[in-house]
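Survey of secondary and tertiary structure
Letter by letter, the chains look like this.
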Amino acid sequence: QLQLVESGGGLVQPGGSLRLSCTASGSSLANLHIGWFRETPGKEREQVSCISNSATVTTVSRPLKGRFSISRDNAKNTIYLDMSNLKPEDTATYHCARRSGCNIGGPWRASDYEDWGQGTQVIVSA
């Protein structure tokens, strides 16, 4: 059974950068689309980014374009989310999960995501 573990979160000052990792066990990520979403208590979950199995398609939510990017290393069974110029509103718990596709233009839906990881917390604060 696929298990995903997120790591790399922490405390960072506004304007800083961070790389999050999503590492799989139990199954290969090579043939899977993987997305990132984030959540904050009291707010709707927000779609962040997605990468296709072949990495021919990468998507980043429009407000985050230019600051966030996604990549994969199938040899390491890992998906990365690189974040730069971080802002306080980026504070959230970031999850990776399996997706059937990489169309993230609409609102977050639970049915779009499977095998969530536990998440890694990012705090952007001075």
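Just so you know, these numbers come straight off a predicted model, no measurement behind them.

A look at the environment of Leu86
For Leu86, the position within the fold is in the loop between strand S8 (78-83) and strand S9 (92-99). Distance from Leu86 to Gly42, taken between C-alpha atoms, is 21 Å for residues 44 residues apart in sequence. Aside from chain neighbours lying at most four places away, what touches Leu86 is Val12, Gln13, Pro14, Gly15, Gly16, Ser17, Leu18, Arg67, Phe68 and Val124.

Here's the deal with the pairing of S8
Put simply, side chains in a regular strand alternate between the two faces of the sheet. Burial analysis of S8 places five of its six residues in the buried class, which makes it a mostly covered element. As paired strands, strand S3 (residues 18-25) and S8 are joined by six bridges and run antiparallel to one another. Looking at S8, one finds that Arg19 is bridged to Asp82. In this structure, strand S7 (residues 68-73) lies alongside S8, joined through six bridges in antiparallel fashion. Within S8, the residue paired with Asp73 across the bridge is Thr78. Where S7 hands over to S8, the hairpin turn is made up of four residues, of which Asn77 adopts a positive phi near 55 degrees.

What about the pairing of S3?
Relative to S3, strand S1 (residues 3-7) runs antiparallel, the two sharing five bridges. Each residue of the ladder has a partner; that of Val5, found in S3, is Thr23.

Quick word on the packing of aromatic side chains
Considering all chains together, one arrives at five aromatic pairs under this definition. Aromatic side chains Phe37 and Trp108 sit 5.4 Å apart centroid to centroid with 55 degrees between the ring planes, which places their arrangement in the tilted category. Taken together, the residues span a long stretch of sequence, with Phe37 in strand S4 (residues 33-39) and Trp108 in the loop between S9 and strand S10 (120-124) at a distance of 71 residues. Across the pair, exposure class does not vary: Phe37 and Trp108 are buried alike. Looking at Trp108, the relative accessible area reads 18%, which means it is buried. Counting every residue linked through ring pairs, the aromatic cluster contains Phe37, Trp108, Tyr113 and Trp116. Residue placement shows Arg19 over the ring face of Tyr80; its charged tip is 4.1 Å from the ring centre. Stacked on the ring of Trp108, the Lys or Arg Arg45 has its end atom at 4.8 Å from the ring centre.

Description of the environment of Ile70
Position of Ile70 relative to the elements: it lies in strand S7. A relative accessible area of 10% places Ile70 in the buried class. For the pair formed by Ile70 and Leu20, sequence separation is 50 residues and the distance between their alpha carbons is 9.6 Å. With sequence-adjacent residues up to four places away left out, Ile70 is seen in contact with Ile34, Trp36, Ser49, Cys50, Ile51, Thr58, Thr59, Ile79 and Tyr80.

Criteria and thresholds
- Residues numbered from 1 in each chain as written.
- Predicted model: local features only at pLDDT ≥ 70, side-chain atom pairs only at ≥ 80, totals over all residues.
- Heavy atoms only, no water.
- Helix = DSSP H or I, 4+ residues; strand = E, 2+ residues; numbered from the N terminus.
- Contact = heavy atoms within 4.5 Å.
- Buried < 20%, exposed > 50% of the residue type's maximum accessible area, 1.4 Å probe, protein only.
- Pairing = 2+ DSSP bridges.
- Phe/Tyr/Trp six-rings, centres within 6.5 Å; stacked < 30°, edge-to-face > 60°.
- Lys NZ or Arg CZ within 6 Å of the ring centre and 35° of its normal.

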